[in-house]
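# Remarks on the overall topology
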Amino acid sequence: MSNIDFDALVAAAKAIRDRAYAPYSNYHVGAALLTPSGQVFVGANVENAAYPQGACAETCAIGTMIAGGERRLTAVAVIGSGPDLCTPCGGCRQRLFEFGDASVPVAIAAADGRYEVVTIGDLLPRAFGPNHLPDA
Ligand SMILES: O=c1ccn([C@H]2C[C@H](O)[C@@H](CO)O2)c(=O)[nH]1
Ligand SMILES: [Zn+2]
């Protein structure tokens, strides 16, 4: 964890935040996922006139990661466009846990770039995951 460049990961999330499509909430979010290969996959939130059909930045970044052939998370950064640190929603916490264990660090950032590093386990304690399911 100590050799992860969180400043760079937050910067990647901040850069992709500019691409967010959020005309309804006007809350722009960027996410960046560092994977074991060292690659960084990014995503931004994509809203919809049918509000529940919108997608979070983290979810879009996960799709990019999977399309890129990576399936494990080394670290995550999420940045919003408000004064408070942007914490992933409940659904995204579950989606992140699918690809990263409880110890994976998550940098949660406010609009000004200020951030704190927590873990997936902090965000989703006692998570239900793939290990709960019987082998197929
Ligand atoms: O961690 C978060 C929190 C919110 N949003 C999006 C969903 C919606 O488009 C907007 C307002 O909730 O922000 C994200 O993408 N990630
Ligand atoms: Zn979400």
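Per an unreviewed UniProt entry, the protein chain goes by the name Cytidine deaminase and belongs to Elstera cyanobacteriorum. One UniProt comment on the protein chain, placed under Function (unreviewed entry), says "This enzyme scavenges exogenous and endogenous cytidine and 2'-deoxycytidine for UMP synthesis."

For the rest of this paragraph, the subject is the overall build of the protein chain. Of the regular secondary structure elements, the protein chain holds four helices and five strands. Taken from N to C terminus, the helices and strands of the protein chain fall in the order α-β-β-α-β-α-β-β-α. Dimensions of the protein chain, computed from the C-alpha atoms along their principal axes, are close to 45 × 35 × 30 Å. For the protein chain, buried positions account for 38% of its 136 residues. In the protein chain, of all internal contacts separated by at least 6 residues, the share reaching a separation of at least 24 is 61%.

Bringing the sheet that holds strand β5 (residues 115-119) into the picture now. Read from one edge of the open sheet, five strands run β2-β1-β3-β4-β5, paired in mixed fashion. Each end of this open sheet is capped by a strand with a single partner; those strands are β2 (40-44) and β5. Mean inter-strand twist for the sheet, computed between neighbouring axes without regard to direction, equals 20°. Judged from the four bridges that link them, strand β3 (residues 75-79) and strand β4 (residues 105-109) form a sheet pairing that is parallel.

Now for the UniProt feature "active site" (unreviewed entry) in the protein chain. If you check UniProt for "active site" (unreviewed entry), the listed places come out as Glu58 in our numbering. Taking the C-beta count within 10 Å as the criterion, Glu58 has 28 such neighbours and is therefore assigned buried. Excluding anything up to four places from it in sequence, Glu58 contacts Ala31, Gly43, Val78, Pro88, Cys92, Arg95 and Leu96.

Near ligand 1 lie 15 residues; those nearest to it are Ser25, Val29, Asn45, Cys56 and Ala57. Its residues placed into classes, the shell around ligand 1 shows 10 nonpolar, three polar and two charged.

The side chains of a regular strand alternate, residue by residue, between the two faces of the sheet. With respect to burial, β4 is a largely interior element, five of its five residues being buried. Burial of the side chains of β4 extends over both faces: Pro105, Ala107 and Ala109 are buried on one face and Val106 and Ile108 on the other. Between β3 and its parallel partner β4, the chain crosses via helix α3 (residues 90-99), and the hand of that crossover is right-handed. Of the strand pairs in this sheet, β4 and β5 are connected by five bridges, and their pairing is antiparallel. Counted as the bridge partner of Ala109 is Tyr115 from β5. Between the end of β4 and the start of β5, which pair antiparallel, lie five residues, with Gly113 showing a positive phi angle near 95°.

Rules and cut-offs
Residues numbered from 1 in each chain as written. Chains lettered and ligands numbered in written order. Predicted model: local features only at pLDDT ≥ 70, side-chain atom pairs only at ≥ 80, totals over all residues. UniProt positions renumbered as here; feature names shortened; annotations may be inferred. Helix = DSSP H or I, 4+ residues; strand = E, 2+ residues; numbered from the N terminus. Buried ≥ 20, exposed ≤ 12 C-beta atoms within 10 Å, placed from the backbone. Contact = placed C-beta atoms within 7 Å. Pairing = 2+ DSSP bridges. Axes fitted to C-alpha atoms, helices over the stretch in contact; angles between N-to-C directions. Near = placed C-beta within 6 Å. Nonpolar A, V, L, I, M, F, W, Y, C, P; charged D, E, K, R; others polar. Right-handed = clockwise from strand over helix to strand, strands pointing away.

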